[in-house]
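Take a look at the letters that make up each chain.
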Amino acid sequence: MDPASLLAWHIAMGADEAIDIDPIDRFTTEVQAPVIARQHPQAQKPAPPSGPRPVAAKPVQAVVGAGPEAAGRVAAEASTLEELKAAMEAFDGGLLKRSAKNTVFADGTPGAPIMVIGEAPGADEDREGKPFVGMSGQLLDKILGAAGFSRTENVYITNMVPWRPLGNATPDGATIAMCMPFVKRHIELAKPKVILMVGGVSAKALLGTEEGITRLRGRWKELDIGGQKIAALPVYHPAYLLRQPALKGHAWRDILSVKRKLSLS
Ligand code: URA
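Residues numbered from 1 in each chain as written. Predicted model: local features only at pLDDT ≥ 70, side-chain atom pairs only at ≥ 80, totals over all residues. Heavy atoms only, no water.

**Re the pairing of strand β6 (residues 228-235)**
The following threshold applies: Type-normalised accessible area, obtained with a 1.4 Å probe on protein chains alone, sets the label of each residue: buried when under 20%, exposed when over 50%, and partly exposed for intermediate values. Secondary structure elements are taken from DSSP: a helix is a run of H or I of four residues or more, a strand is a run of E of two residues or more, and numbering for both begins at the N terminus. Pairing between strands is defined by DSSP: at least two bridges between the two strands are required.
Most of β6 sits inside the fold, with six of its eight residues counted as buried. Two strands pair when backbone bridges link them, and strand β4 (residues 194-198) and β6 are joined in this way by five bridges, in the parallel orientation. Across the sheet, residue Leu196 finds its bridge partner in β6, namely Leu233. By the bridge criterion, five bridges tie strand β5 (residues 221-225) to β6 in an arrangement that is antiparallel. Bridging from a neighbouring strand, Asp224 pairs with Lys229 of β6.

**Section: the pattern of salt bridges**
Short version of the rule: Any Lys or Arg side-chain nitrogen found within 4 Å of a carboxyl oxygen on Asp or Glu counts as a salt bridge.
Counted by the stated rule, this structure contains eight salt bridges. In this structure, Asp141 engages Arg151 in a salt bridge whose closest nitrogen and oxygen atoms are separated by 3.0 Å. Taken together, the residues span a long stretch of sequence, with Asp141 in helix α6 (residues 135-146) and Arg151 in the loop between α6 and β3 (155-159) at a distance of 10 residues. Within the structure, one salt-bridge network assembled from shared partners comprises Asp107, Asp141 and Arg151.

**A look at the site of the ligand**
Worth spelling out the cut-off: Only heavy atoms are used to decide nearness, and a residue is near a molecule or strand if one of them lies within 4 Å of it. Whenever two N or O atoms come within 3.5 Å, that pair is a polar contact, provided that in protein one can donate a hydrogen and the other can accept it, and provided that, for residues adjacent in sequence, both atoms are side-chain atoms. Surface accessibility follows the Shrake-Rupley procedure with a 1.4 Å probe radius. Residue values consider only the protein chains on display as shielding. The residue classification treats Ala, Val, Leu, Ile, Met, Phe, Trp, Tyr, Cys and Pro as nonpolar and Asp, Glu, Lys and Arg as charged. All others, Gly included, are polar.
Near the ligand you find Gly118, Glu119, Ala120, Pro121, Glu125, Pro131, Phe132, Ser136, Asn159 and His237, and these make up its full shell. Take Ala120: an N or O atom from its main chain is 3.1 Å from a nitrogen atom of the ligand. Taking His237, its side chain carries an N or O atom lying 2.8 Å from an oxygen atom of the ligand. Here the ligand, which alone exposes 240 Å², has 92% of that area covered by the protein. When its residues are assigned to classes, the shell around the ligand shows four nonpolar, four polar and two charged.

Now the structure itself:
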């Protein structure tokens, strides 16, 4: 395989950062002989190990972590956004969480009338600990800005999943199920007037439907979150719009629809 393809493969698999300046060949690194307790004098000294060091298998740890029930209990105990953030940072999110650098909680203005809910952090968001700061985040800001909305004034942004999935994989059902209690509590505490469900993953999960984003987009729905009815609009994900620029017109139409819903126009 040529080095560029190999590097691209590593990045896609999530190995996107060097952790030391010099490479270490772990197979040829000297291994200390184990300290043997005093034994019978005739006991033979074991030969020093040579070749690759054998590694004892560890029990497989849950991919997902503590699961939806534990997430539900922890989320219910949070009575402020700060408490919810702290609870999520302390939560056992399994391999998903351990492979991420940050718990990406939210950005923007808490208590804002518009709450944007995306899919999951990418590499930029994981590094900075904030949602939508990469290329798609820049497009999202432009779309919001076209209707006079911004993170600093009237938009609050989060994701369905607060931890970057390895290789930017689409979060699976078990991951969404585990994160859902956090998202619902997040909505309850943020108290938005409208929710923008950005992309198919967010829209399908929050609406509990298998319908695709192409059918869902642009049609207002109502979410019932802890007894609160909140108007929610499925919209295309800005990452999709970057690949399909001809569809950007829908995004402008949708954001104007949000403006009308908030009776700002
Ligand atoms: N895509 C998302 O859905 N969320 C982010 O935070 C970044 C990219």
